[in-house]
Amino acid sequence: MNWLSLLGLEGLFARWQAHVIEGAIAAEDRMDLARLEWADLKQRLQQLLVLTIVVGGLTVVALIMLSLAVLVQFWDSPQRVLVAWLVAGLWGLGWVGALAALVSVAQRAGNGFALTRHELAQDWRDIKERL
């Protein structure tokens, strides 16, 4: 004997069961999205670390080369001066490029889990509307 059918609760029970299944599927989707965003954030943080090390190393090299260029400026041969300034300029360009890449990665890393936050906010609005 089906008590739910006798009490007229079979439809209510079926709706609740459907909502629970839908909620479980939605939770699984959100976890997958969070996992994907975590992998993306982790990759950006690794890039940030590598680029920070590169910028630090290039800064040291650029300062050494700039110092050499200033010292060579006072030597006798004008060709050495030109070469020293060109080398220092190349190191400076490398440093600027690495710094630009570092800033770009740092800005993107600051917006982690944006899709997951958006989906959870939408879910919360949907839940509030149903209540």
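The notes below deal with the structure included here. (Residues numbered from 1 in each chain as written. Predicted model: local features only at pLDDT ≥ 70, side-chain atom pairs only at ≥ 80, totals over all residues. Heavy atoms only, no water.)

**Focus on the overall build of the protein**
Our working definition: Numbered from the N terminus, helices here are DSSP runs of H or I no shorter than four residues, and strands are runs of E no shorter than two. The globule rule used for comparison is 2.2 Å times the number of residues to the exponent 0.38, while the radius of gyration itself is calculated over C-alpha atoms. Whether a residue is buried, partly exposed or exposed follows from its accessible area with a 1.4 Å probe, protein chains only, as a fraction of its type maximum: under 20%, in between, or over 50%, in that order. Positive charge is attributed to Lys and Arg, negative charge to Asp and Glu, and no charge count is given to His or to the chain ends. One atom stands in for each charge, and that atom is NZ of Lys, CZ of Arg, CG of Asp or CD of Glu.
Summing up its helical and strand segments, the protein has 4 helices and 0 strands in all. For 131 residues, the compact-globule formula gives about 14 Å, and the C-alpha radius of gyration of the protein, at 30 Å, lies well above that figure. Its C-alpha atoms put the protein at 110 × 25 × 15 Å along the principal axes. Buried positions account for 18% of the 131 residues belonging to the protein. On the protein, the mean spot of the 11 positive side-chain charges and the mean spot of the 12 negative ones are 7 Å from each other.

**Comments concerning the side chain of glutamate 37**
Note the cut-off: Any Lys or Arg side-chain nitrogen found within 4 Å of a carboxyl oxygen on Asp or Glu counts as a salt bridge. Any two residues having at least one pair of non-hydrogen atoms within 4.5 Å are treated as being in contact.
Along the chain, the position of glutamate 37 falls in helix H2 (residues 10-73). Of the side chains bearing the opposite charge, arginine 44 lies closest to the buried glutamate 37, which forms no salt bridge; the N-O distance is 6.8 Å. Beyond its immediate sequence surroundings of up to four residues, glutamate 37 is in contact with Phe113, Ala114, Leu115 and Thr116.

**Description of the pattern of salt bridges**
A full pass over the atoms with the stated rule returns 4 salt bridges. A salt bridge links aspartate 32 to arginine 35, with the nearest nitrogen and oxygen atoms 2.7 Å apart. Here the residue aspartate 32 and the residue arginine 35 both occupy positions in helix H2, the gap between them amounting to 3 residues, near one helical turn. Aspartate 40 serves as the salt-bridge partner of arginine 44, at 2.3 Å between the closest nitrogen and oxygen.

**Here's the deal with a nonpolar patch on the surface**
Rules: A patch consists of residues whose relative accessible area exceeds 30% and which take part in no salt bridge; residues with like charges are grouped when within 9 Å of each other, and nonpolar side chains (Val, Leu, Ile, Met, Phe, Trp, Tyr) when within 5 Å. The Shrake-Rupley method, run with a 1.4 Å probe sphere, supplies the accessible areas, and residue values consider only the shown protein chains as cover.
Residues Leu63, Leu66, Val70, Phe74 and Trp85 make up a contiguous nonpolar surface patch of about 520 Å² in total accessible area. If you tally residues by element for the nonpolar patch, the top one is H2, at 3 residues. Mapped onto the elements, leucine 66 comes out in helix H2.

**Observations regarding the environment of valine 70**
Note on placement: valine 70 falls in helix H2. On the basis of relative accessibility, which here comes to 38%, the residue valine 70 falls in the partly exposed class. Taking the C-alpha atoms as reference, valine 70 lies 8.5 Å from valine 81; in sequence the two are 11 residues apart.

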